[in-house]
Amino acid sequence: MFTRAGYAPFASAVTRLPSLLASVGPARRTLSSPSINALFNPTDEHLAMRATLRTFVEREVEPQAAHYNKTETFNRDLFRKLGTVDQDHGLGVLGLTVPEEYGGLGLDATAVALTHEELSYSDPAFCLAYLAHALLLANNLAVNGSEAQKSRWLPDICAGTVVGGMCMSEPNAGTDVLGMKTNATAIEGGGGWKLNGTKMWITNGTLDGRTTGDIFLVYARTGPAKTDLTQFVVEKNMPGFSLGQKIVDKLGMRASMTAELVFEDVILSHDHVVGEVNEATLCMMRNLEIERIGLAAMALGIARRSIDEMKRYALERQAFGARNLFEFGQIQRLIAESYAEYMAGRCYVYGVANSLDLNKAGNGLDADGTKLYCAKMSKEVADRAIQVMGGYGYVGEYKVERLWRDAKLLEIGGGTNESHHKNMARDLRKRGIAPLD
Amino acid sequence: MKILVGIKRVVDYAVKVRVSKGTVDLANVKQSMNPFCEIAVEEAVRLKESKNASEVVALSIGPKQCTETIRTALAMGCDRGIHIQTDLRTDYMDLQPFAIAQLFQKIVEKEKSDLVLLGKQGIDSDCGQTGPMLAGMMGWPQVTFAAKVEVKDGGLLVERETDSGTETIQVKSLPAVVTCDLRLNEPRYATLPNIMKAKKKPVETLKAEEMGVDLVPHNQVLEILEPPPRKEGIMVENVDSLIDKLRNEAQVI
């Protein structure tokens, strides 16, 4: 087999460029039919993006994943490399869906899916920090913000000089999001808004464990009706805005920081109001669709990696005098079912992503559906990878136990399984007895 | 300095190729830029970034999918691309180095290139002939297996890989042909903004059949065989029996 590291027929032995691909194995032959491959990479640009991401992930993301998982810390330096702050060397994906005039790339939901899939192949936790920043903050602001707001905040967000996220859940309001208590009241005399409340489970809520992240979109109650929500921009160091706690000892996603954030009489001027007052429920719903595609795509990365790992192990390990574990029916079942489920999920995600309009709501049923299906699928595929690898699979060095822990979050974060059940059943009930297309 | 860099589309280095019907099966096989060509592109772009080169043009010869390979080179920093289109196989089965070097010669003459950077060889056919043949046809100096390239006194100072180490060669003046070895540099990945910008860079398409070059191969490939599978090893009891077997069975010591 040819690998770059080992290929130097005329020169003295050269060993560099430690190649993950080389270690995973030689099979890079396309397995699937052209129509399926076209679904995953609809254009040449998507194909080129995937190739670039794969190189980036192999060189930069893979080597650091275990360390940051272990220490429960955020790799700020690597996050910077996702932006454009280092001219011509930054990957430039922080503003993936942000229009070019604000420093982004203006790309589509398919690009979102493939970026999350590729990053999660090596480090789902790092990808989660990316998702909070690129989708919940950047994409949300790009879709819902005013011209002035976009010009003011998006260039830094795309460059990667600031890192932030979005605040929706509260200690006592998660799936029941409209039950949120955080509120903003208009200051008498029209001087702006006063924000009070506590937000919980905020990804990128802190980066260093001591202070808040840099910039957030915060949903707050601004009227008496259940859907009277408004979205505000809150920045680090604003008086009254503080870190409640860094949430530690998480099962998985340990390299992405999660925090409780506290707002005490935070004074916000009118230019910090994103969209119309009391109209933020639509912003929320619209942005949740792309978030769910992103999370479902993360599950694909986890599943693909798990399959690669179980395949590799099964090829190497001998038992009962057989050539390797592939000879055993029980192992065959674990591997084959994993592959079939992974491909089913992958087709569903790209099938939805390829025509998802980032500026419109209306794909809720399938956005929920992709995440509902893929989250569970990735957890089970990672579980099978552990099973194939036995004791080794249970140990950090073999990576799949981390993927298994990370996969579990996808059944909770960005919408619990139960919230997807509720939303999807509601949408399907609305169709009444009309048969499916 | 105007640089022409050659980029060959080959079966991806990580693919385990299969032989069928007397040749390497290319159906549904992932193909990408020859790794040594990637190194050549990186070196060309670095020469441009250090203001030693004014323009970098990427040239690829092969089927229409070569435009993907050219786009990669443009995203890495080349200024424009030239695609000589042909459906002939470029892995020595149809189109061979002698014809390829002549096609390059046509472009070098048209573009008035000062430096041609090529990979030391393609990883499909492993010929390593295109660079030397091109230099011969042009009557230019050449350095193969470059491990370091430095612009010096209107020429180049090139460190060159040899079997026993490296040698340093001064190319007194340009034009010249340099072929690139593995240790020359580590190619960058194309960033996403640069992939998007590459879409707007010009790519000229020419037809190989219309270039006035005889494309008919001078050598004929009779057969391609897969390497024989490795024989199973044996376990020896101790060092003594190992030495015994090496001496008497294998007769290597």
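Since this is a predicted model, take the numbers as computed values, not measurements.

Residue and element names in this part refer to chain A. The N-to-C vectors of helix 7 (residues 124-144) and helix 9 (residues 280-316) enclose an angle of 155 degrees; their axes lie 10 Å apart at closest approach. Relative to helix 9, the element helix 7 is oriented roughly antiparallel. Here the hand of the crossing between helix 7 and helix 9 comes out right-handed. Residue-level inspection shows Pro-124, Cys-127, Leu-128, Leu-131, Leu-135, Leu-136, Asn-139, Asn-140, Val-143 and Asn-144 of helix 7 in contact with helix 9, the latter providing Cys-283, Arg-286, Asn-287, Ile-290, Glu-291, Gly-294, Leu-295, Met-298 and Ile-302.

Take the pairing of strand 10 (residues 155-162) of chain B next. All names here are of chain B. Burial analysis of strand 10 places six of its eight residues in the buried class, the great majority of the element. Looking at chain direction, strand 9 (residues 142-152) and strand 10 are connected through six bridges and run antiparallel. For Ala-146, the partnering residue across the bridge sits in strand 10 and is Arg-160. In this antiparallel pair of consecutive strands, strand 9 and strand 10, the connection spans two residues, and Asp-153 shows a positive phi of 50 degrees. As judged from the seven bridges shared by strand 10 and strand 11 (residues 165-171), these two strands associate in the antiparallel manner. Across the sheet, residue Glu-159 finds its bridge partner in strand 11, namely Thr-168. Where strand 10 folds back on strand 11, the antiparallel hairpin that results is connected by two residues.

Here the focus is the domain arrangement of chain A. The extent of an interface is frequently quoted as the accessible surface area lost upon association of the parts. Residue and element names in this part refer to chain A. Domain parsing of chain A yields domain 1 (34-159), domain 2 (164-280) and domain 3 (281-430). When each unit is reduced to the centre of its C-alpha atoms, the spacing between domain 2 and domain 3 is 30 Å. Contact with domain 2, which involves 15 residues of that partner, is made by 13 residues of domain 3. For the pair domain 2 and domain 3, the two sides together bury roughly 1,200 Å², of which 68% comes from carbon and sulfur. For domain 2, the biggest contributors to the area lost against domain 3 are Thr-175, Leu-251 and Met-253; these three give 45% of the whole.

The residues that UniProt annotates with the feature "domain: Acyl-CoA dehydrogenase/oxidase C-terminal" (unreviewed entry) are residues 284-427 of chain A. Along residues 284-427 of chain A one finds 76% helix and 0% strand; the C-alpha atoms at either end are 17 Å apart.

Rules and cut-offs
Residues numbered from 1 in each chain as written. Chains lettered and ligands numbered in written order. Predicted model: local features only at pLDDT ≥ 70, side-chain atom pairs only at ≥ 80, totals over all residues. Heavy atoms only, no water. Axes fitted to C-alpha atoms, helices over the stretch in contact; angles between N-to-C directions. Helix = DSSP H or I, 4+ residues; strand = E, 2+ residues; numbered from the N terminus. Parallel < 35°, antiparallel > 145°, perpendicular 65-115°, else oblique. Left-handed = near helix turned anticlockwise from the far one by under 90°. Contact = heavy atoms within 4.5 Å. Buried < 20%, exposed > 50% of the residue type's maximum accessible area, 1.4 Å probe, protein only. Pairing = 2+ DSSP bridges. Domains from an automatic or database assignment. Buried area = accessible area lost by both parts, 1.4 Å probe. UniProt positions renumbered as here; feature names shortened; annotations may be inferred.

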